[in-house]
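Structural overview
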Amino acid sequence: SVLKDNAVSLDPINREWTSKRSLAECLGSIMNRILDELHSLLIYATNQRLSDRVDHLLATCSSFEDMLAFLAKLQFRGSIELSKKWSIIRLSMICVSAARGTIAGTFIDDLKRRFGDHRFDNIAKLGALIQTISEAIGNADDHNEILQWFLQNYVRFFAFSAEISPPFATALITILAEDTERASDE
C-alpha cells in the first residue's frame, strides 16, 4: 500500500516471485525496489503531498522494520544496505513530521547526501539538521516542543542505534546538561 500512487512500479516487484531465487533473495530484492521507490516518491513530492506520504509511512513503518529484521534473521547478505536505506527514509519521516508542510522533497535528497555515510553520531551534522528544522518551523507557538520531539526521536532511532563515538556522546550529554541548566535558571 505504500506504493498505491504508483501502481506501474509494482510490475517489476511482482516478477521477483517468478525468479528462481531463494525466499531471502526475492524478499530482499523486493524490499530494495520498494525502498528505492519510496525515496524517489518522497524526493519528488510537493510539501503537502510529502506530509501525506509520511503520515502513511508512519502508519506502516513497523512492517518495514519487521521485514528488515526477518531478512537479517535469514542472513540475507544485503540486509545491512537495506537497513541503511530505511534509516534515511525514517530520518526523512521524522524531519517532515517535525516541520509539517514546510519541507520540500529536495530536503530529502539533501538528507541522503548529508547522512549518506550513515554516521548519525556527528554533532556537527546533528546541529545543522536541528538548525534546518528550527528554521522550517519558524515562529510556531510550540517551536521548542517540536525541536525537543525531533531531538528525542533522532537520539532514539539514530544516535544510539549503533556504536557511537565517545566524542559525540560527550558532546550530546554536555549540550543536554547545558539546556537543562539554562531551563532551570529561567
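A brief structural summary.

Here is what the cut-offs are and how they apply
- Residues numbered from 1 in each chain as written.
- Predicted model: local features only at pLDDT ≥ 70, side-chain atom pairs only at ≥ 80, totals over all residues.
- Heavy atoms only, no water.
- Helix = DSSP H or I, 4+ residues; strand = E, 2+ residues; numbered from the N terminus.
- Buried < 20%, exposed > 50% of the residue type's maximum accessible area, 1.4 Å probe, protein only.
- Areas by Shrake-Rupley, 256 points an atom, 1.4 Å probe, with all protein chains shown as cover.
- Axes fitted to C-alpha atoms, helices over the stretch in contact; angles between N-to-C directions.
- Left-handed = near helix turned anticlockwise from the far one by under 90°.
- Contact = heavy atoms within 4.5 Å.
- Nonpolar A, V, L, I, M, F, W, Y, C, P; charged D, E, K, R; others polar.
- Patch = residues over 30% accessible without salt bridge, like charges linked within 9 Å, V, L, I, M, F, W, Y side chains within 5 Å.
- Salt bridge = Lys/Arg side-chain N within 4 Å of Asp/Glu carboxyl O.
- Phe/Tyr/Trp six-rings, centres within 6.5 Å; stacked < 30°, edge-to-face > 60°.
- Lys NZ or Arg CZ within 6 Å of the ring centre and 35° of its normal.

Here's the deal with the overall build of the protein chain
Within the protein chain, the secondary structure is distributed over eight helices and zero strands. When its helices and strands are written in sequence order, the protein chain yields α-α-α-α-α-α-α-α. Taking all 186 residues of the protein chain together, the buried fraction comes to 41%. Surface accessibility of the protein chain: about 10600 Å² in total, with carbon and sulfur atoms responsible for 53%.

Focus: the environment of Ile34
Along the chain, Ile34 falls in helix 2 (residues 23–43). Between the C-alpha atoms of Ile34 and Phe64, which are 30 residues apart in sequence, the distance is 10.0 Å.

Concerning the packing of helix 6 (residues 123–137) against helix 7 (residues 143–159)
Their axes nearest at 10 Å, the elements helix 6 and helix 7 cross at an angle of 145 degrees. The handedness of the crossing between helix 6 and helix 7 comes out as right-handed. Contacts between helix 6 and helix 7 involve Leu126, Leu129, Ile130, Ile133, Ser134 and Ile137 on the former and, on the latter, His143, Ile146, Leu147, Phe150, Leu151 and Tyr154. In terms of residue class, the contact of helix 6 with helix 7 is made up of 10 nonpolar, two polar and no charged.

Some details on a nonpolar patch on the surface
Together, Trp17, Leu23, Phe70 and Leu74 make up an exposed nonpolar region whose accessible area comes to about 390 Å². Structurally, Phe70 is set in helix 3 (residues 47–73).

Some remarks on unusual backbone geometry
Phi at Gln75 is positive, roughly 60 degrees, even though this residue is not glycine. Among the structural elements, Gln75 can be located in the loop between helix 3 and helix 4 (79–98).

Let's talk about the packing of aromatic side chains
For the structure shown, the criterion picks out seven aromatic pairs. When the centroid spacing of 4.8 Å and the interplanar angle of 10 degrees are considered together, the rings of Phe64 and Trp86 count as stacked. Here Trp86 lies in helix 4 and Phe64 lies in helix 3, a separation of 22 residues in the sequence. According to the relative accessible area criterion, Phe64 is buried, its value standing at 7%. Relative accessible area serves as the criterion here: at 5%, Trp86 is assigned to the buried category. Summarising the aromatic geometry, the rings of Tyr154 and Phe158 are spaced 5.7 Å apart at their centres and angled 45 degrees between planes, so their arrangement reads as tilted. Separated by four residues within a single helix, Tyr154 and Phe158 lie in helix 7, roughly one turn from each other. Just as Tyr154 is buried, Phe158 falls in that class too. Through pairs of rings, three or more aromatic residues link up here, namely Phe115, Phe120, Phe150, Tyr154, Phe157 and Phe158. The ring of Phe157 has Arg90 lying over it, and the distance from NZ or CZ to the ring centre is 3.7 Å.

Geometric descriptors of this kind do not, in isolation, establish any biological role.
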